[in-house]
Amino acid sequence: MTDLVALEAVAIRRSRVRSPSTLGRAAIAILGAGLVGFAVWDLRIGRQALINGRGFNELGRFFAAAVHPRIDRAMAHLVGSATVTTLSYAVLGTVLSATVGFVVGAFVTPARFDRQTAGRVARTVSAITIPVRGVHEVLWALILLNLLGINPLVAVLAIAIPFSAVSAKVFSELFAAQPRAPFDALRALGAGRNSAFFYAVIPNAARDCISYAFYRFECAIRSAAVLGVVGAGGLGYELLLSFQSANYHEMWTCIWALVAMSAVVDSTSTRVRSRRTSTDGRTRRRAPSHTTLVAGFLLFGVLAAVALKIDVSSLWSSRTRREFSLLIDTWLPPDFSTSHVRTLVTLARETVAISVGSLVVSVAIAAAGSLGSARLDGQGRARRTGGWVVRSLLLLARSIPAAVWAYLAVIAFFSGPFPAAVALGIYNGGVLGRMLGEVIENLDRRPRAALLAGGASSFTASIYGSLPLAAPSYLTYSLYRWEVAMRETVVVGIAASGGLGYAMKQQLASFAWPKFVSTILAMILLTLAVDLISARLRRGLAR
Amino acid sequence: MMLDVGSADGSVLEFDRLSVRYGEGAPAVQGISLRVARAERVVLLGPSGSGKTTLLNVAAGIVAPTAGSWRLFGVDPLALRPRSLRSLRAHVGMVHQQLHLVAPLKVIHNVNAGALGSWSMSRAVRSLLRPVEPSLAVAVLDRLGIGEKAFARTSSLSGGQQQRVALARVLRQQPNLILADEPVSAVDPTWSAEVLRLLGEEVRERHAAVVIALHDVELARSFGDRLVGVRDGRVIFDGPPSAVTDDMISALYAFGAPRLPAALLR
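As the structure is a prediction and not an experimental result, all values here were calculated from the model.

Criteria and cut-off values
Residues numbered from 1 in each chain as written. Chains lettered and ligands numbered in written order. Predicted model: local features only at pLDDT ≥ 70, side-chain atom pairs only at ≥ 80, totals over all residues. Helix = DSSP H or I, 4+ residues; strand = E, 2+ residues; numbered from the N terminus. Buried ≥ 20, exposed ≤ 12 C-beta atoms within 10 Å, placed from the backbone. Contact = placed C-beta atoms within 7 Å. Rg over C-alpha atoms; globule rule 2.2 N^0.38 Å. Pairing = 2+ DSSP bridges. Axes fitted to C-alpha atoms, helices over the stretch in contact; angles between N-to-C directions. Right-handed = clockwise from strand over helix to strand, strands pointing away. Core = buried A, V, L, I, M, F, W, Y, C linked by C-beta atoms within 7 Å. Left-handed = near helix turned anticlockwise from the far one by under 90°. Nonpolar A, V, L, I, M, F, W, Y, C, P; charged D, E, K, R; others polar. Expected span 1.5 Å × (residues − 1). Arc of directions from axis to C-beta. Parallel < 35°, antiparallel > 145°, perpendicular 65-115°, else oblique. pLDDT = per-residue confidence, 0-100.

Draft legend 1. Just the overall build of chain A, in detail. When its secondary structure is counted, chain A shows 21 helices and zero strands. With 543 residues in all, chain A has 47% of them scored as buried. The contacts in chain A between residues at least 6 apart in sequence include a share of 80% that link residues at least 24 apart.

Draft legend 2. View of the overall build of chain B. What chain B contains, in helices and strands, is 10 helices and nine strands. At 18 Å, chain B has a C-alpha radius of gyration in line with the 18 Å of a compact globule built from 266 residues. Expressed as lengths along the three principal axes of its C-alpha atoms, the size of chain B is roughly 55 × 45 × 40 Å. Looking at chain B residue by residue over its 266 residues, the buried ones come to 45%. Considering only contacts within chain B whose residues lie at least 6 apart along the sequence, 71% involve residues at least 24 apart.

Draft legend 3. Quick look at the sheet that holds strand 4 (residues 67-72) of chain B. Residue and element names in this part refer to chain B. Pairing in this open sheet of three strands is antiparallel, and the strands run 2-1-4 from one edge to the other. Looking at which strands have only one partner, the edges of the open sheet turn out to be strand 2 (29-37) and strand 4. Strand-to-strand twist of the sheet, defined as the mean angle between neighbouring strand axes without regard to direction, takes the value 10 degrees. Relative to strand 2, strand 1 (residues 11-20) runs antiparallel, the two sharing six bridges. Paired with L13 across the two strands is V36, which belongs to strand 2. The strands that helix 1 (residues 52-60) touches are strand 1, strand 2 and strand 4; relative to strand 1, the one it contacts most, it runs at about 125 degrees.

Draft legend 4. Representation of the pairing of strand 6 (residues 177-181) of chain B. Residues and elements named next belong to chain B. With respect to burial, strand 6 is a largely interior element, five of its five residues being buried. By the alternation rule, side chains of strand 6 split into L177, L179 and D181 and I178 and A180, which are all buried. Two elements, strand 6 and strand 7 (residues 209-213), share five bridges in a ladder whose sense is parallel. Directly across from A180, in strand 7, lies its bridge partner I212. Running through helix 7 (residues 189-206), the crossover from strand 6 to the neighbouring parallel element strand 7 is right-handed.

Draft legend 5. View of the nonpolar core. Counting residues in hydrophobic clusters, the biggest one holds 230 residues, and the most contacted among them are A403, A406 and A423 of chain A together with V211 of chain B. Of the residues forming this core, the biggest block, 24 residues, is contributed by helix 9 (residues 193-232) of chain A. When sequence neighbours within four positions are dropped, the list of residues in contact with A406 of chain A reads P419, A420, A423, V492, A495 and A496 of chain A.

Draft legend 6. Representation of the packing of helix 14 (residues 338-373) of chain A against helix 17 (residues 417-441) of chain A. Helix 17 of chain A packs onto helix 14 of chain A with a crossing angle of 40 degrees between their chain directions and a minimal axis gap of 6 Å. Crossing angle aside, the handedness with which helix 14 of chain A passes helix 17 of chain A is right-handed.

Draft legend 7. Representation of the sheet that holds strand 6 of chain B in the model. All names here are of chain B. Ordered by their spatial adjacency, six strands build an open sheet running 5-6-7-3-8-9, and the pairing between neighbours is mixed. Edge positions in the sheet fall to strand 5 (92-95) and strand 9 (234-239), since each has one partner strand and no second. Sheet twist, expressed as the average angle between the axes of neighbouring strands with direction ignored, equals 15 degrees.

Draft legend 8. The arrangement of the interface of chain B and chain A in detail. Tallying the contact residues gives 32 residues for chain B and 22 residues for chain A. Contributing elements (two or more residues each) for the side of chain B that touches chain A: helix 2 (82-89), strand 5 and helix 4 (121-129) of chain B. Taken together, the residues of the side of chain B that touches chain A break down into 17 nonpolar, 12 polar and three charged.

Draft legend 9. Region of the structure containing helix 15 (residues 381-399) of chain A. Relative to the 27 Å expected for 19 residues at 1.5 Å per residue, helix 15 of chain A spans 27 Å between its end C-alpha atoms, a close match to the ideal helical length. All of the buried residues along helix 15 of chain A are R391, L394, L395, A397, R398 and S399 of chain A.

Draft legend 10. Region of interest: helix 7 of chain B. Residues and elements named next belong to chain B. Across its 18 residues, helix 7 extends 26 Å between first and last C-alpha, which sits within 8% of the 26 Å expected from 1.5 Å per residue. Every buried residue belonging to helix 7 is among V195, L196, L199 and E202, and all of these are buried. For helix 7, the buried positions fall inside an angular range of 100 degrees around the axis, keeping them on one side. For helix 7, the exposed residues set more than 90 degrees away from the buried face come down to P189, T190, R197, R204 and E205. Where the residues of helix 7 are buried, they touch helix 6 (159-173), strand 6, strand 7 and helix 8 (217-223).

Draft legend 11. Layout of the packing of helix 9 of chain A against helix 10 (residues 235-244) of chain A. All names here are of chain A. Look at helix 9 against helix 10: their axes get within 6 Å of each other, and the N-to-C directions meet at 55 degrees. Classified by the angle their axes make, helix 9 and helix 10 are oblique. Between helix 9 and helix 10 lies a crossing of right-handed hand. Contacts between helix 9 and helix 10 pair A225, V226, L227, G228, V229, G231 and A232 from the former with L235, G236, Y237, L239 and L240 from the latter. Residues of the contact of helix 9 with helix 10, tallied by class, amount to nine nonpolar, three polar and no charged.

Draft legend 12. Structural context of the environment of A263 of chain A. If you trace the backbone, A263 of chain A turns up in helix 11 (residues 248-278). Separated by 129 residues in sequence, A263 of chain A and S392 of chain A have C-alpha atoms that sit 9.0 Å apart.

Draft legend 13. View of the confidence of the model for chain B. Looking at chain B, the pLDDT average stands at 87 and 92% of residues meet or exceed 70. Low pLDDT, under 50, characterises residues 258-266 of chain B; the predicted model gives this stretch 16 contacts beyond four residues in sequence or across chains.

Draft legend 14. Seen up close, the pairing of strand 8 (residues 226-231) of chain B. Residues and elements named next belong to chain B. Summarising burial for strand 8: five of the six residues are buried, a large majority. When strand 8 meets strand 9, the two strands line up antiparallel, connected through five bridges. Each residue of the ladder has a partner; that of G229, found in strand 9, is F237. Hairpin connection from strand 8 to strand 9: two residues lie between these consecutive antiparallel strands, with D232 at a positive phi of about 50 degrees.

Right, here's the structure in full:
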């Protein structure tokens, strides 16, 4: 199974980290506990009234509407075209980012260089992509909106730009993780660096690259939905409009459409990834070839561009150029005045608190959800039905955009960082729960089978036979999800009034551009810091 | 640049007091001097870990010598510019012990990879989509008895078949120096003899030099016109098969005061 754990494992293996000492483990535990304690304080838990009692009736009305979505011809038409828009954003964003990521990744990968220069190249690559990866899709959309105006390219590029940077980094690492000897052998018989790369590296890496592109597509669907909520059109936008007019029945029509789309994409992606990887180089008869998959991928990209009526020339129209020079004039230099920096530090603390708080919620949901949902041997009929229900709940949690969860959270809680953390936690819990469920289902089944044979119940067998094996992956994924949560604080912050995201929203509304730019820079720095800490912890916990 | 591969003295490969050391361990090769002329068939014999593979890897330019010099066709490869080095390397082909084939590629592409030294990048990439000069590759595969496998995925072949694909890559390359590291370890005896006969043809018809590591002494005697015994990174004997006695062979492989190979000490 090619997944992020596998990618991480590559990085960890290369850095040759040994199991941490007792002292190291203690330090990690104390750091973790400290972060959580600090989050509890900064989220004002126990210091302030958080729950808005009157809101629960309203939430009840919202969830009751789930079984009565508005279904009529006009609504079906509206939701149908909104679905096409959202899907097209995701498809085109993925196709562009996978293409750019592949080309850039192939260009900069250490695998294409001879051993002496390879290490230097790898370090430069990850340094260059950091600022691009650090800016969330929503922020890219807000910036691009200023440049291009209302234009489908805003959403497409908002997805494609940060995704290209991530993909370039991951592809370059995938290439570097392939065996080196075939490349060296071709170099030795006189092949040029590029020819050798095409013959000896790309064929070996192709399967992993395709798997990764599909995983990115899953992410793109969720990004496209949330971009709709901030105004890019599509399902997210319809969802927001219905929410603002408190029409919960219409909201649920949109939500069920999102759920259906996520369900199809997630299960296709899982199937493609396991088919690509389960066979050790031997193709199964009916598996489509790599060429077919890539061609299909590109074809869908073209269809999406047609559906969105993409006009590439708007990228260099005179209007865009004018807006760009205006943007440079009014946005720079960033505001680094003492008072603003002080505000930024306070908000940065709040943002970290939101991310840590949300992580606690996500891990709780995901740990319980993954154990409850995994399809394993020895489960009775009731257990299987229960598993299906849990899986559906996780799907619902991740299909509703984080921003919408934040609006809902604000109904039940007083606005501020706390509902932001809860909302992000629920959404990320859905994503993480699916990942951890995959981990459990892909585990070595023999220890569990042995316990079942010895008369253990399915539950006991999971606790004793599956959980210990899965624990390292749980930690790795959860920490990785912390990095993602950090970027996503922007989204929930905007909706629930908390952290740097909320500040950005206010700055945009009041055209305080230099302040906005310094806030973005603060966000990039924060993302970078969390990435470093998380990578360090993950490596420390790896054995 | 076209390289003059027939150097003045006819020397194809030359080691002068060559030493190789991996990391901190004992040297894998210690001060070996060896000269191989055109159309010569040299067999390297010796226990595993004796330094045969290292010697071949230095000759192919995959492992850099720690001390001493190494010349191909009378030229010091380390002094060449990248482009000239590439065209020099195109004249040296190697069958690796671990084959180093690309498993997900079709067989024909692995064979065509032998031509990469003379192909431009665009030609190389085009060939991956639609094989360039497929008849050449298929002809070579036919000689090795696996012509019908040309369009099969390499990973679907057996170990012995894959070994023949690695040989086909070298035959497609048509180098003036063929290096082979245990190229018949996975094929049955009939095919072993056939493979060595094919390599012999390369020597007779194109006057290529062959340096080959074998563990089967009978095969070595019938193929080589020169046997070189290597142990602990040093040459123990070097002469025609007639001059190499059975006692010399048993001394070469004798289990006496063996030094651990460098790789194990690391």
